[in-house]
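Structural features, examined
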Amino acid sequence: QDFASRSDSAATWARTTPHLGPKLFAAMELGGGKGAGVCFAILMAVGVSMASAEEEPQASKANVGISVMLLGSIGFMMALFELTHCYKKTMAKYTWKSISATISIFSAVLIFQGSNGIVEAYITEGVPPMIQFLVSIMQLFAWFCGLQLVLAVITGVLPIKGFDPRFDDFEIMESRLKTFAILLGHTTGFAAINCFAIFQQLVPRTPLATFLVAPCAWVLLYSFGRLTDSVRERVALIGDNKKEEHERMWDEETEETEDDVIGLAVSFCFVQSVRLMVGGTLPNPEGEEPNEVMVSHSDMQSLTLITVGCLLGLFEALRVLYIKKTIERITPQGKNIIAMTLSWCIFFGTDGFLSHNLFTHEHGMMKTVTLALTVTVVALAMIFALEQLQDCKHIDDSIDEAIRAVVNAIGILIGFAWEKAFDVAVAEITSTVDVLPAPLTKMLLAVLLAGTVVPAWYRHILPNIIAIEEEERSEKEGKEGGALGEVAEAEEGRRETLTAPLINEKNNEKADLSAALQHYNNKIAELEKRAARAEELEQKNRELENAIGTINQELGELQKLAAILHN
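These numbers were taken from a predicted model, which means no experiment stands behind them.

1. As for the overall build of the protein chain
Assigned secondary structure in the protein chain consists of 16 helices and 0 strands. Classification of the 567 residues of the protein chain by burial places 38% in the buried group. Relative to all contacts within the protein chain whose residues are 6 or more apart in sequence, the contacts with residues 24 or more apart total 75%. Of the roughly 32,200 Å² that the protein chain leaves accessible, carbon and sulfur atoms contribute 65%.

2. Brief notes about a nonpolar patch on the surface
Together, Tyr 122, Ile 123, Val 435, Leu 436, Leu 440, Leu 444 and Leu 448 make up a nonpolar patch on the protein surface, roughly 700 Å² of accessible area in all. By relative accessible area, which is 53% here, Ile 123 ends up exposed.

3. Quick look at helix H9 (residues 245–279)
For H9, spanning 35 residues, the distance from its first C-alpha to its last is 51 Å, which sits close to the expected 51 Å at 1.5 Å a residue. Burial analysis of H9 places 27 of its 35 residues in the buried class, which makes it a mostly covered element.

4. Side note on the side chain of Glu 253
By the secondary structure assignment, Glu 253 is in helix H9. Discounting residues that sit within four places of it in the chain, Glu 253 has contacts with Leu 177, Lys 178 and Ala 181.

5. Notes on the environment of Phe 170
Turning to its location among the elements, Phe 170 is positioned in helix H7 (residues 170–202). Sequence separation between Phe 170 and His 246 is 76 residues; the distance between their C-alpha atoms is 8.1 Å.

6. Things to note about the pattern of salt bridges
Counted according to the given criterion, the structure contains 15 salt bridges. Asp 229 is the salt-bridge partner of Arg 232, the closest N and O atoms lying 3.3 Å from each other. Pair noted here: Arg 232 and Asp 229 are both in helix H8 (residues 207–236), with a separation of 3 residues, about one helical turn. With a relative accessible area of 2%, Arg 232 lands in the buried category. Two residues, Glu 258 and Arg 232, come together in a salt bridge whose shortest N-O distance is 3.1 Å. Of this pair, Glu 258 sits in helix H9 while Arg 232 sits in helix H8, and the two are 26 residues apart along the sequence. Taking the relative accessible area as the measure of exposure, Glu 258 reaches 2% and is therefore buried.

7. Quick look at the packing of aromatic side chains
Remark: the centre distance and the inter-plane angle together describe each pair of aromatic rings, the angle taken between the planes. Going through the model one piece at a time under the given rule, you end up with 8 aromatic pairs. Between the aromatic rings of Phe 347 and Phe 348, the centroid separation amounts to 5.1 Å while the plane-to-plane angle is 80°, which identifies the pairing as edge-to-face. Cluster of aromatic residues (ring-pair linked, three or more members): Phe 268, Trp 344, Phe 347 and Phe 348. Between the NZ or CZ atom of Arg 275 and the centre of the ring of Phe 348, over which it lies, the distance is 3.9 Å.

8. Thoughts on the state of the cysteines
Scanning the entire structure with this criterion turns up 0 disulfides. No disulfide involves Cys 269; its sulfur sits 8.8 Å from the nearest other cysteine sulfur, which is in Cys 195. The buried category is assigned to Cys 269, whose relative accessible area is 0%.

9. Brief notes about unusual backbone geometry
Trans is the common state for peptide bonds, and a negative phi is the common state for residues other than glycine. Of note, the phi angle at Arg 166 is positive, near 65°, even though the residue is not glycine. Tracing the backbone through its elements, the reader meets Arg 166 in the loop between helix H6 (129–154) and H7. Classification of Arg 166 by relative accessible area gives partly exposed; the value is 23%. Notably, Arg 329 is not glycine yet its phi reads approximately 70°, a positive angle.

10. Considering the packing of H9 against helix H11 (residues 299–322)
Two numbers describe how H9 lies on H11: the axes approach to 10 Å, and their chain directions differ by 140°. Considering their axes alone, H9 and H11 lie oblique with respect to each other. Of the two elements, H9 crosses H11, and the hand of that crossing is right-handed. Here Phe 270, Val 274, Arg 275, Val 278 and Gly 279 of H9 lie close against H11, whose contacting residues are Gln 301, Thr 304, Leu 305, Val 308 and Leu 312. When grouped by side-chain class, the residues that make up the contact of H9 with H11 number 6 nonpolar, 3 polar and 1 charged.

11. Topic: the packing of H7 against H8
One way to put it is that H7 packs onto H8 with a least axis distance of 10 Å and a crossing angle of 140°. Viewed along their axes, H7 and H8 adopt a mutual orientation that is oblique. Like other packed secondary-structure pairs, H7 and H8 cross with a definite hand, here right-handed. Across the interface between the two elements, Ala 192, Phe 196, Phe 199 and Gln 200 of H7 pack against Thr 210, Val 213, Ala 217, Leu 220 and Leu 221 of H8. Residue classes in the contact of H7 with H8 are distributed as 7 nonpolar, 2 polar and no charged.

What counts as what
Residues numbered from 1 in each chain as written. Predicted model: local features only at pLDDT ≥ 70, side-chain atom pairs only at ≥ 80, totals over all residues. Heavy atoms only, no water. Helix = DSSP H or I, 4+ residues; strand = E, 2+ residues; numbered from the N terminus. Buried < 20%, exposed > 50% of the residue type's maximum accessible area, 1.4 Å probe, protein only. Contact = heavy atoms within 4.5 Å. Areas by Shrake-Rupley, 256 points an atom, 1.4 Å probe, with all protein chains shown as cover. Patch = residues over 30% accessible without salt bridge, like charges linked within 9 Å, V, L, I, M, F, W, Y side chains within 5 Å. Salt bridge = Lys/Arg side-chain N within 4 Å of Asp/Glu carboxyl O. Expected span 1.5 Å × (residues − 1). Phe/Tyr/Trp six-rings, centres within 6.5 Å; stacked < 30°, edge-to-face > 60°. Lys NZ or Arg CZ within 6 Å of the ring centre and 35° of its normal. Disulfide = S-S within 2.5 Å. Axes fitted to C-alpha atoms, helices over the stretch in contact; angles between N-to-C directions. Parallel < 35°, antiparallel > 145°, perpendicular 65-115°, else oblique. Left-handed = near helix turned anticlockwise from the far one by under 90°. Nonpolar A, V, L, I, M, F, W, Y, C, P; charged D, E, K, R; others polar.

Shown next, in the form of structure tokens:
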């Protein structure tokens with residue numbers, strides 16, 4: 001009883017005494033003896049340490065989170081340096097592509113989340129779900145049309161006073177075009193995800209009803225893309241009735257960007273329906289589920305989700321191998337959908353696994369950072385495996401294109417994972433900053449981060465991507481040219497074999513044909529020179545007409561001035 005009363009007194013001292021030394025001194029005094037006091041002091045030291053740890057759980061979690069972020073960031077950056085300078089050229093190329101896709105998707109999601117946060121806070125808050133869906137349609141339409149107009153301005157198709165599209169340097173024009181096409185394309189893609197994911201919340205919560213949203217989204221976005229494609233074709237033919245180089249760049253880049261938009265939106269809606277079938281709960285439009293639902297997902301459910309993505313990837317590989325026929329716009333869109341579906345399945349499957357096994361109570365910054373690091377490691381391992389596959393000597397060109405699509409989707413996977421972590425960080429900051437309302441603070445942070453990241457991406461990373469794509473295009477053209485050359489050589493050899501017995505008999509006829517061929521070649525060269533000269537003269541005539549028009553206009557102004565002076 002005396003020991004118990006002294007223990008209570010010592011515990012009171014331990015809670016009220018600010019330093020460890022006085023606590024131990026008090027424990028030794030109340031111990032009643034030297035040996036007992038020492039033992040009691042040791043026990044109290046352990047108790048004080050445990051009490052201190054229990055009193056500051058939040059500080060401990062914050063320190064662990066910062067430590068993981070620090071170590072993970074350093075390791076991640078060093079791994080990227082190693083991979084971008086890898087002795088294997090293919091691995092370095094895929095790493096650059098993944099970095100570019102990660103930065104673009106990160107910036108695009110930040111921009112959209114910031115703008116959409118303002119819309120939700122000041123327009124759709126508290127309104128019925130159908131009104132939210134209609135507003136999301138208008139957002140999608142605005143981003144889709146803005147994409148067309150911005151790319152038209154960059155290429156000079158839509159001239160704006162004060163902006164130089166750089167017709168004298170198409171490399172600069174292409175860099176600008178790629179930057180805004182990728183950035184606005186991904187932003188438009190997430191606007192489409194938001195639109196059709198909200199619509200998915202309105203349909204009956206059955207697997208069939210939610211699944212049908214994905215093909216409906218594909219049909220609607222494809223129809224809208226065909227409409228804008230016809231508009232671009234008509235705009236390109238205005239004036240000279242032919243498509244110039246900058247107009248061709250505008251059309252092709254916009255088509256590719258529209259395919260990326262379809263890939264993002266359709267794949268996300270499909271994965272949402274798969275998650276409903278596997279887990280029994282339809283996530284919200286951002287792909288999030290309540291914490292208790294995330295914790296309840298079993299490892300088998302997470303593995304099933306990842307398996308669905310892998311099976312679709314295998315199906316696409318088999319299709320590429322055995323079905324050589326392609327359909328314009330449909331085939332690349334389907335390839336993007338399957339590749340991005342694989343990425344979404346890996347992301348959400350990994351999220352469910354970590355929530356069930358490691359983060360049963362903590363769902364904040366610590367979890368998102370760990371998820372981002374895990375997804376990054378898995379993605380880099382997948383890139384390494386794909387690089388080994390592409391090194392095979394008998395790889396098909398179509399398989400090679402499918403591998404490139406998967407690599408781009410892996411970059412989107414990494415970017416989305418890190419964007420989720422930064423989204424939580426931005427939410428934590430906006431919840432504690434009282435200078436501006438939370439939606440405006442979030443938008444301001446998004447603009448500042450994008451304004452810091454995008455220029456560096458444009459100057460230092462995108463040129464590498466353009467060079468890689470140019471190299472891939474040259475290799476593809478070289479393979480096609482080599483195949484045609486081999487066919488021509490085989491045909492020529494066959495002809496020589498067949499005509500060898502008749503050569504001596506037809507030398508004179510061959511000489512006559514050679515002379516006639518040379519004569520016609522000279523005629524063709526002369527006509528080409530005349531055509532070039534005619535185009536040059538036509539250009540000079542147009543310049544002369546413009547000059548004459550300017551002179552006539554100035555003469556008219558001088559006549560008006562003379563009339564005024566005469567009066």
